[in-house]
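In case you want the letters, here they are:
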Amino acid sequence: MADVKLNNIDKSYDGKTNVVKNVNIEIKDKEFAVLVGPSGCGKSTVLRMIAGLENITGGDLFIDGNRVNDLLPKDRNIAMVFQNYALYPHMTVYQNMAFGLKLKKVPKKEIDQRVKKAAQILEIEELLDRKPKAMSGGQRQRVAIGRAIVRNPKVFLFDEPLSNLDAKLRVQMRVELQKLHNKLQATIIYVTHDQTEAMTLGDRIIVLNDGVVMQTGTPMELYNNPDNMFVAGFIGSPPVNFIQGEIRRAGSLNFIHEKSGLKIDLSELRNKAVSGFEGKKIILGIRPEDIYSKPQANSGHFAKLKTTSIAIEQMGSEMLVYVVLDDKQLIARFSPESKVETGKPVDLFLDINKILFFDPDTEQVI
Ligand code: ADP
């Protein structure tokens, strides 16, 4: 297996604008790295450059310490699994998995061993004689992964492999992929637009937006300490709530949201940098799960926000309460027994130890 390093990687399709901009990523040996970001942000382009399916416009790509910019895909020792499986319909599962090895003139006996071992790992031994059309989406996806495994690649690349599966199967396959990573102990680079997939699968997540790396970190680093509003808003579901207010002196320094009466004394915050924003606008970020229906005993300070609920979603395990502030929807995640009614006033209690602040100009965390 191998590490993968992208140094100042650029990509332009038209020779004018870069859709991937000075990307620096280091993926360690055996790491499960997830590239995540909205549609069109350049994820697939990055993956396809690693695979050798797209030319690299600028920068250097290293696999296992070797610069591979100019190597053909077949010489890079990587295997890619695509969203649409790309199986040969006229071949059985066995033939589909054996095909690449046959082309490489691997001895028949070895092919047989490798295909059977991969089938065993993926628990698809009983499907080896079937053709793709006689299989479910999940089974086809396994075969596509099997075809990658038999090649013993240094690096596995996955391009939105679960997108074509229904919601329930996607959840199952997420767990399967984790198990697979444990069994294979392989370097995996996985592309998805789905933050839940990124959070649940990645040892490390690389968040891309508009061709630029916004932040890299473990799932919990990104969740707890986002560098900017984009990452804060992208990681976590339902997403973080943003409230624009200002820092003003009212005796002591406070964050104030005039219309709702929300007021937070900065002396109660651990984050001292916020005081530098006296007299300026600032954006507060709070996750739905850090908002309560009443102050919690023994756990710090809470700031009260008086609002009116516009909708309630009872999920059984939790209750999502929707309110509107400054024409923007906010979501709170209450316990399911909370007494809230649609259209009635509701007080939100924000855990002030969990509040994030952002500079409205740079959108960077303060
Ligand atoms: P993602 O995988 O994040 O959805 P892509 O890497 O597919 O994003 O695309 C990034 C940008 O590059 C988009 O603006 C897309 O339109 C453009 N793009 C992708 N492939 C090509 C191509 N073959 N030719 C021209 N532009 C492309």
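Residues numbered from 1 in each chain as written. Predicted model: local features only at pLDDT ≥ 70, side-chain atom pairs only at ≥ 80, totals over all residues. Heavy atoms only, no water.

## So, the packing of helix α3 (residues 108-122) against helix α4 (residues 137-149)
For step 1, the next point in the chain: Between α3 and α4, whose axes approach to 9 Å, the crossing angle comes to 135°. For the element pair α3 / α4, the angle class is oblique. Like other packed secondary-structure pairs, α3 and α4 cross with a definite hand, here right-handed. Where α3 approaches α4, its residues Ala-118, Ile-121 and Leu-122 are matched on the opposing element by Arg-142, Ile-145, Gly-146 and Ile-149. (Axes fitted to C-alpha atoms, helices over the stretch in contact; angles between N-to-C directions. Helix = DSSP H or I, 4+ residues; strand = E, 2+ residues; numbered from the N terminus. Parallel < 35°, antiparallel > 145°, perpendicular 65-115°, else oblique. Left-handed = near helix turned anticlockwise from the far one by under 90°. Contact = heavy atoms within 4.5 Å.)

## Quick look at the site of the ligand
For step 1, the next point in the chain: Near the ligand, the surroundings consist of Tyr-13, Val-19, Pro-38, Ser-39, Gly-40, Cys-41, Gly-42, Lys-43, Ser-44 and Thr-45.
For step 2, the next point in the chain: For the ligand, an oxygen atom lies 2.9 Å from a polar atom in the side chain of Lys-43.
For step 3, the next point in the chain: One of the side-chain N or O atoms of Thr-45 is found 2.5 Å from an oxygen atom in the ligand.
For step 4, the next point in the chain: Looking at which element gives the most residues to the shell around the ligand, the answer is helix α1 (residues 43-51), with three residues.
For step 5, the next point in the chain: The residue inventory of the shell around the ligand, partitioned by class, reads four nonpolar, five polar and one charged. (Near = heavy atom within 4 Å. Polar contact = N/O pair within 3.5 Å; in protein donor to acceptor, adjacent residues only side chain to side chain. Nonpolar A, V, L, I, M, F, W, Y, C, P; charged D, E, K, R; others polar.)

## Some details on the domain arrangement of the protein chain
For step 1, the next point in the chain: One can read the domain layout of the protein chain as domain 1 (4-234) and domain 2 (241-358).
For step 2, the next point in the chain: Placing the centre of domain 1 and that of domain 2 at their C-alpha centroids yields a distance of 39 Å.
For step 3, the next point in the chain: Of the roughly 630 Å² buried between domain 1 and domain 2 on both sides combined, carbon and sulfur atoms contribute 67%.
For step 4, the next point in the chain: At the junction of domain 1 and domain 2, the tally comes to zero salt bridges.
For step 5, the next point in the chain: Put simply, domain 1 and domain 2 have two residue pairs in polar contact (both at pLDDT 80 or more) between them.
For step 6, the next point in the chain: Of all the secondary structure elements, the ones that give two or more residues to the side of domain 1 that touches domain 2 are α7 (219-224) and α8 (229-234).
For step 7, the next point in the chain: Looking at the side of domain 1 that touches domain 2, its residues break down into five nonpolar, three polar and no charged. (Domains from an automatic or database assignment. Buried area = accessible area lost by both parts, 1.4 Å probe. Salt bridge = Lys/Arg side-chain N within 4 Å of Asp/Glu carboxyl O.)

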